[in-house]
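# Observations on the three-dimensional arrangement
Letter by letter, the chains look like this.
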Amino acid sequence: MIKSKEILITGFALFSLFFGAGNLILPPSLGVNASEDWFLVTFAFGITAVIIPIFGIMAHAKLQGTMYDFGKKVSPLFSSVFCFIVYVISIVLPVPRTASVTHEIAVAPIFDSSPIFTSVIYFTLVLVFALNRSNVLDFIGRFLTPFIILILLVIIVISLFVAPGDLTASTYEVPFIAGLLEGYQTFDALGAVVVGGVIIVSMNLNMNYDYVLKRKLIMKSGFVAGAGLFLIYGGLISSAALFGSEFGPDVSRVAILSGLSELTLGAYGEVLLSVLVALACFTTAVGIVMGTADYFKSVFKDSSKVYTFTVVICCFVGVLIGQFDVHYIIQVAVPTLMFIYPIIIALIFLNLAPDDLGTQKVFRVVILVAFIFSIPDFIGVFGEFENVKSITKYIPFANYNLGWVLPSMLTFGLLNFKNFFTNS
């Protein structure tokens, strides 16, 4: 029997593992730019930053293995390469970004210290938590997440009463697409396949549940985390939209978040925001580092030495890259996301599909199609090329960097349509 308390604690822990740097700085920026279209942008942002990541957790609940299991139906070699690429991306981009955001928002405004000093202290603490993993899930779920949610709700509620509410025209040409693509930058779909494994390992260490009970607990916890994420995202986007007139035309994402906290919490805003940012970013960094270390530990026959070595390497890389500013890391991430996200999303949905629909052949062909049709999006990030444009004009949604979506869906449908009549 699963207790409600366990569902809440696991759900809060999952929320906190998701809720990091991008989850804080992206929604307010969307709100300011979307203004009167804030609801439409919130809905679109929720698709890529909430629904798909929670589907990823549900896929983990079904598989109850590691990220390797996500791609093994394509082939063992593909899955190994896929895992390696995703973990490298995770350690090189989202994890260092948490340190960068922490420095720019939580440390630099209060202390006169260098980014490298912040990164060293930050990843030393990540190292300590990741090496003492048995208590991490419970600690995050019981203490850190409720505090994070409380501060965010205070900012959101106050904004409803004190904001001028002068909504203007959206600066986005297509608000819905802007919300979808900005959701990529949270890295939450990627995070789902990484931290979902952390939840599985933590449960195996601390709970004596069978497959069925673990699946129920993970899925219910996923709904708790998803509801919390959507509530906070919607609140931050709407709050920033209501305060939109207070910000200039070219204000940075970090400045918008800082300004929003100051406008709602006054003199205490800077201090509370510093605590919020540090906690939110830190829990995400710990989750991704542990997930990466868990995978390489499993590759090398559950070697605890490999786990420790991987954690140390991850933290070292974090120190090196975490000293760069947030905007630079976000810009570097764009082409990477255009390359890996279609494959991740396709794998999530394929693993959720019933086994008779998600055969090895379906996995292989759909992933190949998603990869091929994502190439123009990847190339397009580096500039407009006539050869690419002559191809993408025939692909639906390619102008919005979503050219892979319809071909992948049609491929899945056609393969299973044929299989249905073959089996009949």
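Read on for an overview of the structure. Throughout, a residue's number is its position along its own chain's written sequence, starting from 1. Note on the predicted model: pLDDT of at least 70 is required for a residue's local features to be given, and 80 or more for side-chain atom pairs to be given and counted; whole-chain, interface and lining totals, by contrast, use all residues. Heavy atoms from the whole structure form the basis of all side-chain values; hydrogens and water molecules are not counted.

### Concerning helix H7 (residues 115-131)
Starting at the N terminus, helices and strands are each numbered in turn, a helix being any DSSP run of H or I of at least four residues and a strand any DSSP run of E of at least two. To estimate how far a helix should extend, the number of its residues minus one is multiplied by 1.5 Å. Its 17 residues place the ends of H7 24 Å apart at the C-alpha level, agreeing with the 24 Å of an ideal helix rising 1.5 Å per residue. Those residues of H7 that sit buried are Thr118, Ser119, Tyr122, Phe123, Val126 and Ala130. Taken down its axis, H7 places every buried residue within 110 degrees of arc, on the same side. The classification of residues rests on relative accessible area computed with a 1.4 Å probe and restricted to protein chains. Under 20% of the type maximum is buried, over 50% is exposed, and intermediate values are partly exposed. Working definition: the arc comes from the directions between the helix axis and the C-beta atoms, pointing outward to the latter.

### A look at the nonpolar core
Soluble globular proteins tend to bury their nonpolar side chains together. Side-chain atoms within 4.5 Å link the members of a nonpolar core, which is a set of buried Ala, Val, Leu, Ile, Met, Phe, Trp, Tyr and Cys residues. One finds Phe19, Phe82, Val86, Val126, Tyr184, Val277 and Ile344 to be the most contacted residues of the largest nonpolar core, which totals 127 residues. No other element matches helix H15 (residues 326-352), which puts 15 residues into this core. When sequence neighbours within four positions are dropped, the list of residues in contact with Val126 reads Phe282, Ala285, Val286, Val289 and Cys315. The contact criterion used throughout is that any non-hydrogen atoms of two residues lie within 4.5 Å.

### Examining unusual backbone geometry
Positive phi values are uncommon outside glycine, yet Lys301 reaches one of about 55 degrees. By secondary structure assignment, the location of Lys301 is in the loop between helix H13 (269-299) and helix H14 (304-321). The residue Asp302 is not glycine, and still its phi comes out positive at about 55 degrees. Among the secondary structure elements, Asp302 is positioned in the loop between H13 and H14. With a relative accessible area of 57%, Asp302 lands in the exposed category.

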